[in-house]
Every structure is written in structure tokens, then in C-alpha cells.
Amino acid sequence: MDISDVSSGVGVLDKAAVIFDALASGPANLAELVATTGLARPTVHRLATALERHRLVGRDIHGRFVLGPRIAELSAASDEDCLLAAAGPVLTSLRDATGESAQLYRRQGEVRVCVAAAERTSGLRDIVPVGSTLPMKVGSAAQVLLAWEEPERFYQGLQGARFTATALSGVRRRGWAQSIGEREPGMASVSAPVRGPSSRVVAAVTVTGPIQRLTRHPGARLAKAAVDAADRLTEVVCRS
């Protein structure tokens, strides 16, 4: 895209828009960005590194510039209304199918927030009221919300966590996480990722219950149901 195509009269914003458009086609090193945008090399370097500070631009494992995670986060925020509208019926169906409580979590900074829930109506259960904030260091939902993070946030998130990088590698391979007594003694859970249009994980669907019912291998019983529910919400978000 030529800068004249996006001219708004505010030069620095127009140049940033051209950089975003170039990166929408895929990763690019500095020389490639200069060639694609037609901007001066010092200008591209200055703007790209400034945008990187704001997480609007990032780097891949080869050091090339890519669209940053903040863009996906802002996009995810715009999808929140449709996600929450769909969450109630999906979580209720998940609760009824498993007989256990179901929740939907989203990450906010260094905590995860329960944004929707369908509680088991009787018997021993794990009640997490909507609006509750829980740590990102324990629990299957925390594992899911961290497992696909960008490298810097990934390794920061592991500091002090009850799970390891190896455990999260298993989460990425399986597509779901389980925890046994991590957040609360005697309780177990299984979580699966909800993804946005960019395939970024935007939320975690969780099923929780006592270990005496779920056993010490809760994924064997609940993983498919949790993944199916998460996939239903992913479809809703990706259609919006």
C-alpha cells in the first residue's frame, strides 16, 4: 500500500498504517519492510521499534517484524459481547453433559477472570462466581491461557507457577489441560482453548469438580466435552 492511499493528514499515523498493512501479509525484516512500504529505512526502524514497545508490533523467532499481540487482544475485546452471549447456553450444555460445573475464563493482565459460569445444582461442587479473579499460576485454565502466549509473556508467566514449560508443551500437543488440586485441594479441572479469528487463544472453557468424582486423570473423562464446547465458542467468535 502506498502512503498516499491512506493519507489522513497525520503523517506518523499514516506511516504506521502502511507498516501494519505490510505486516498483515506476513513477517518481514527491516529491509523487506522498507521495500514494501516505500518509507525511508530510519523511519521504518523508528516506527517499528516504537510500535514494538506498545506490543502493536512483535518479533518472530527469526527476529522478523510481525503484527503484535496487542492487536489480537484489541480484536478479542471487540468479540467479547458475542462470546458472552453464546457462553451461557454452551456452558449450560457442558454442565448437563458432564454433571460438573463449567466456567469461561479470560486473561486480564496477571489474573484470569471468570466471565461466565454454569454451576452444578447440587452435591459437592466448585463454585466460582462470575467476576471472580483467580491467579495465572495455578489451574488448568491458567495453563490454557498461557500455553500459546508469545515467548516473553510465556516465560514470565512460568515464574512461580505450579506447572512447567514441559507441561504446557503437552497442553499445546493435546489441545487441552488438566489440573489436580492445583488451585484448591480436593478439586480437579479440565480446560480447552477458545480461539479468535487469528487463532489466538482468547478464553478458556473449564469443567471442575471434586477429585473423588473426576479421579486423578480428569482429562480421560472430560477432555472431549471441554474441547467440543470450546470449539463451539470458537465458531461463534470467528463468525463475528
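In the block above lies the structure referred to throughout.
Keep in mind that what you see is a predicted model, and the values were worked out from it rather than measured.

1. With respect to the pairing of strand S3 (residues 101-108)
The side chains of a regular strand alternate, residue by residue, between the two faces of the sheet.
Thinking step 1. The buried fraction of S3 amounts to 7 of the 8 residues, a majority that puts the element mostly inside the structure.
Thinking step 2. Relative to strand S8 (residues 201-210), S3 runs antiparallel, the two being bridged by 5 bridges. The residue of S8 that forms the bridge with Gln103 is Thr206.
Thinking step 3. The sheet contact formed by S3 and strand S4 (residues 111-118) spans 7 bridges and is antiparallel. Each bridged residue has a counterpart across the sheet, and for Gln103 the counterpart in S4 is Ala117.

2. So, the packing of aromatic side chains
Thinking step 1. A full pass over the atoms with the stated rule returns 1 aromatic pair.
Thinking step 2. Judged by centre distance (5.0 Å) and plane angle (85°), the ring pair of Phe154 and Tyr155 falls under edge-to-face.
Thinking step 3. You can call Tyr155 exposed: its relative accessible area is 52%.
Thinking step 4. Its guanidinium or amino end placed over the ring of Tyr105, Arg112 lies 4.7 Å from that ring's centre, counting from NZ or CZ.
Thinking step 5. Lying across the ring of Trp176, Arg174 places its NZ or CZ 4.5 Å from the centre.

3. Here we look at the pattern of salt bridges
Thinking step 1. Following the criterion strictly, the structure yields 12 salt bridges and no others.
Thinking step 2. Between Arg55 and Glu150 there is a salt bridge, with its nearest N and O atoms 3.2 Å apart. Of this pair, Arg55 sits in the loop between helix H3 (41-53) and strand S1 (57-59) while Glu150 sits in the loop between helix H6 (140-147) and helix H7 (151-158); the two residues are 95 residues apart in sequence, bridging distant segments of the chain.
Thinking step 3. Looking at Glu150, the relative accessible area reads 23%, which means it is partly exposed.
Thinking step 4. Residue Arg221 is joined to Glu100 by a salt bridge in which the shortest nitrogen-to-oxygen separation is 3.4 Å. One end of the pair, Arg221, is in helix H10 (residues 218-239); the other, Glu100, is in the loop between helix H5 (80-98) and S3, with 121 residues separating them in the sequence.
Thinking step 5. For Arg221, a relative accessible area of 40% translates into the label partly exposed.
Thinking step 6. In this structure, a network of salt bridges that share partners links the residues Arg107, Glu110, Glu149, Arg153 and Arg200.

Reading the values: rules and limits
- Residues numbered from 1 in each chain as written.
- Predicted model: local features only at pLDDT ≥ 70, side-chain atom pairs only at ≥ 80, totals over all residues.
- Heavy atoms only, no water.
- Buried < 20%, exposed > 50% of the residue type's maximum accessible area, 1.4 Å probe, protein only.
- Helix = DSSP H or I, 4+ residues; strand = E, 2+ residues; numbered from the N terminus.
- Pairing = 2+ DSSP bridges.
- Phe/Tyr/Trp six-rings, centres within 6.5 Å; stacked < 30°, edge-to-face > 60°.
- Lys NZ or Arg CZ within 6 Å of the ring centre and 35° of its normal.
- Salt bridge = Lys/Arg side-chain N within 4 Å of Asp/Glu carboxyl O.

In short, the description is geometric, and any link to function would need to be established separately.
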